[in-house]
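# A structural walkthrough
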Amino acid sequence: ERQHRLWEYRDSFSYPKPIRVDASLSRLPLNSGIESVVLLGAEKLLAIAEGGILEKQFLAFLIMNSGVVELLYPYDDYFRPSDAALLDEERVLVIERGYNKDAGVSARLVSLHQEHIEENSDITRNLIIDLGGLVPMDNFEGLEVIRGLTDEHIVYIVSDDNYSRRQRTLLIMFELELFE
């Protein structure tokens, strides 16, 4: 945060290598840079900012060997993307957290179809589940999805206490049932 950059780590022993994005990264607000990063395939990385330079859309970047494509991620004045993970071969799961003094804290999971994450396409979200009232709420910033022994989707979300007495570090795991 505050110093917008992306680094590639080959393994835990090697030095990181900067990933070239473009000048748009430097235009992001000071504390609203890249928050969500997900590898879509061997040569595709999706990075989504938690803020932006536009009022109703945040910047996202599709980073490939052939270059960087700027995309726009929709924003509804409350929920901001805070992490992303592959849900399956066709979809990306994004955790969006919301906070303001009037509405308080909330979170939801939305899906993005990978086929719409490409140049000249609008990113559209599909609400999967609103987590408000279902799990203890906090500053959710981490997301992972694994496939269980019977091919079920196991979702992990983690919050960050930011060294604050008002926040907690929580790790929550649940099975996500998807109905097509």
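Here is what the cut-offs are and how they apply
Residues numbered from 1 in each chain as written. Predicted model: local features only at pLDDT ≥ 70, side-chain atom pairs only at ≥ 80, totals over all residues. Heavy atoms only, no water. Helix = DSSP H or I, 4+ residues; strand = E, 2+ residues; numbered from the N terminus. Rg over C-alpha atoms; globule rule 2.2 N^0.38 Å. Buried < 20%, exposed > 50% of the residue type's maximum accessible area, 1.4 Å probe, protein only. Contact = heavy atoms within 4.5 Å. Areas by Shrake-Rupley, 256 points an atom, 1.4 Å probe, with all protein chains shown as cover. Core = buried A, V, L, I, M, F, W, Y, C linked by side-chain atoms within 4.5 Å. Salt bridge = Lys/Arg side-chain N within 4 Å of Asp/Glu carboxyl O. Pairing = 2+ DSSP bridges. Axes fitted to C-alpha atoms, helices over the stretch in contact; angles between N-to-C directions.

On to the overall build of the chain. In terms of helices and strands, the chain carries zero helices and 13 strands. Computed over the C-alpha atoms, the radius of gyration of the chain is 16 Å, within 12% of the 16 Å expected from 2.2 N^0.38 for a compact globule of 180 residues. Taking all 180 residues of the chain together, 42% fall into the buried category. Taking as baseline every contact in the chain between residues at least 6 positions apart, the subset at least 24 positions apart corresponds to 40%. When the accessible surface of the chain is totalled, it reaches about 11000 Å², and 49% of it is carbon and sulfur.

Take the nonpolar core next. Soluble, globular proteins show a tendency: their nonpolar side chains are buried together. Core analysis: the largest hydrophobic core is formed by 18 residues, its most contacted members being L46, L71, Y73, V92, V94, L112 and I117. Beyond its immediate stretch of four places on either side in the chain, Y73 contacts I48, K56, Q57, F58, P81, V94, E96, V110, L112, I123 and R125. One finds A85, L109, M137 and I172 within the second-largest nonpolar core, a separate group that totals 17 residues.

In this section: the pattern of salt bridges. By the definition in use, this model includes 11 salt bridges. With its nearest N and O atoms 2.8 Å apart, the salt bridge here joins E8 to R10. The class for E8 is partly exposed, based on a relative accessible area of 22%. We classify R10 as exposed; its relative accessible area is 63%. With a closest N to O distance of 3.0 Å, R108 and D76 form a salt bridge. Here the residue R108 occupies a position in strand 9 (residues 104–113), and D76 occupies one in the loop between strand 6 (67–74) and strand 7 (79–86), the gap between them amounting to 32 residues.

With antiparallel pairing, four strands are arranged side by side in an open sheet as 7-8-9-10. The sheet is open, and its two edges are formed by strand 7 and strand 10 (126–130), each paired on a single side. Sheet twist, expressed as the average angle between the axes of neighbouring strands with direction ignored, equals 30°.

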